[in-house]
Amino acid sequence: MQLDGSCHCGAVRFSLDSAQPYPYQRCYCSICRKTQGGGGYAINLGGDARSLQVSGRESISVYHARIEQPDGSIQTGSGERHFCRECGSALWLYDPQWPELIHPFASAIDTDLPVPPEHTHLMLGSKAGWVE
């Protein structure tokens, strides 16, 4: 299925193919919570990185999360969270560890998505106290 997405202000538009276009994966890690907002989690989809088409690339910025290590040091994560520098909308996550994948955020997708048959909840140990 082709997924079409955009930011809130319209400066960035993108499309990509997805074999699993179900918005089923809810991540509660502090990175997703803080960069996505919403219900205290981010909903990520899977897409084919080779099919990604982008217009408005000049309006995109990339955020690399700072990850605290067990020894207390801070390391920059390899994941690249792409967002619109004009309106702040989160667009997709790319990680060079899995170069064949793009993970668009369901909140940026304009295409009608199918209802997922189930939900997977990830990183529940990091969820905010107010999240059910």
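A. Main features of the overall build of the protein chain. The number of helices and strands found in the protein chain is one helix and 13 strands. N-terminal to C-terminal, the α/β element order of the protein chain is β-β-β-α-β-β-β-β-β-β-β-β-β-β. Here the C-alpha radius of gyration of the protein chain, 15 Å, is about what a compact globule of 132 residues would show, namely 14 Å. Taken along the three principal axes of its C-alpha coordinates, the protein chain extends 40 × 35 × 30 Å. Here the protein chain, with 132 residues, has 41% of them falling under the buried criterion. Considering only residue pairs separated by 6 or more positions, the protein chain has 59% of its internal contacts joining residues 24 or more positions apart. If you sum the accessible surface of the protein chain, you get close to 7700 Å²; carbon and sulfur atoms cover 49% of it. Distance between charge centroids for the protein chain: 7 Å, based on 10 positive and 14 negative side chains.

B. Seen up close, the pairing of strand 1 (residues 2–6). Sheet topology places strand 1 next to strand 2 (residues 13–17); five bridges connect them, and they run antiparallel. From the neighbouring strand, L3 faces strand 2, where its bridge partner is L16. Hairpin connection from strand 1 to strand 2: six residues lie between these consecutive antiparallel strands, with G10 at a positive phi of about 85°.

C. Structural view of the sheet that holds strand 3 (residues 25–27). Strand order in the open sheet formed by three strands is 4-3-13, and the pairing between neighbours is mixed. Of all strands in the sheet, those bounded by a partner on one side alone are strand 4 (42–44) and strand 13 (120–122). The sheet shows a mean angle of 30° between the axes of neighbouring strands, taken without regard to direction. Across three bridges, strand 3 lies against strand 4 in antiparallel orientation. Its bridge partner being in strand 4, Q25 is matched across the sheet by N44.

D. Fine view of the sheet that holds strand 11 (residues 90–94). Spatial ordering of the open sheet is given by 5-12-11-10-7, a layout of five strands whose pairing is antiparallel. Each end of this open sheet is capped by a strand with a single partner; those strands are strand 5 (47–48) and strand 7 (60–63). One ladder, built from four bridges, connects strand 10 (residues 80–84) with strand 11; its direction is antiparallel. The residue bridging H82 from the neighbouring strand is W92, located in strand 11.

E. Representation of the pattern of salt bridges. Under the definition given, this model contains one salt bridge. Put simply, D48 and R50 hold a salt bridge, and the shortest N to O gap is 3.0 Å. A relative accessible area of 23% means that D48 is categorised as partly exposed. Overall, the relative accessible area of 72% leaves R50 in the exposed class.

F. Looking closely at the packing of aromatic side chains. Overall, the coordinates contain one aromatic pair when judged by the stated rule. Between F14 and W92, the ring centres sit 5.0 Å apart and the planes meet at 65°, which makes this aromatic pair edge-to-face. Taken together, the positions of F14 in strand 2 and W92 in strand 11 put the pair 78 residues apart, joining distant regions of the chain. F14 gets classed as buried once you look at its relative accessible area, which sits at 4%. Residue classification places W92 among the buried residues on the basis of a relative accessible area of 2%.

Cut-offs applied
- Residues numbered from 1 in each chain as written.
- Predicted model: local features only at pLDDT ≥ 70, side-chain atom pairs only at ≥ 80, totals over all residues.
- Heavy atoms only, no water.
- Helix = DSSP H or I, 4+ residues; strand = E, 2+ residues; numbered from the N terminus.
- Rg over C-alpha atoms; globule rule 2.2 N^0.38 Å.
- Buried < 20%, exposed > 50% of the residue type's maximum accessible area, 1.4 Å probe, protein only.
- Contact = heavy atoms within 4.5 Å.
- Areas by Shrake-Rupley, 256 points an atom, 1.4 Å probe, with all protein chains shown as cover.
- Lys, Arg positive; Asp, Glu negative; His and termini not counted.
- Charge placed at Lys NZ, Arg CZ, Asp CG, Glu CD.
- Pairing = 2+ DSSP bridges.
- Axes fitted to C-alpha atoms, helices over the stretch in contact; angles between N-to-C directions.
- Salt bridge = Lys/Arg side-chain N within 4 Å of Asp/Glu carboxyl O.
- Phe/Tyr/Trp six-rings, centres within 6.5 Å; stacked < 30°, edge-to-face > 60°.

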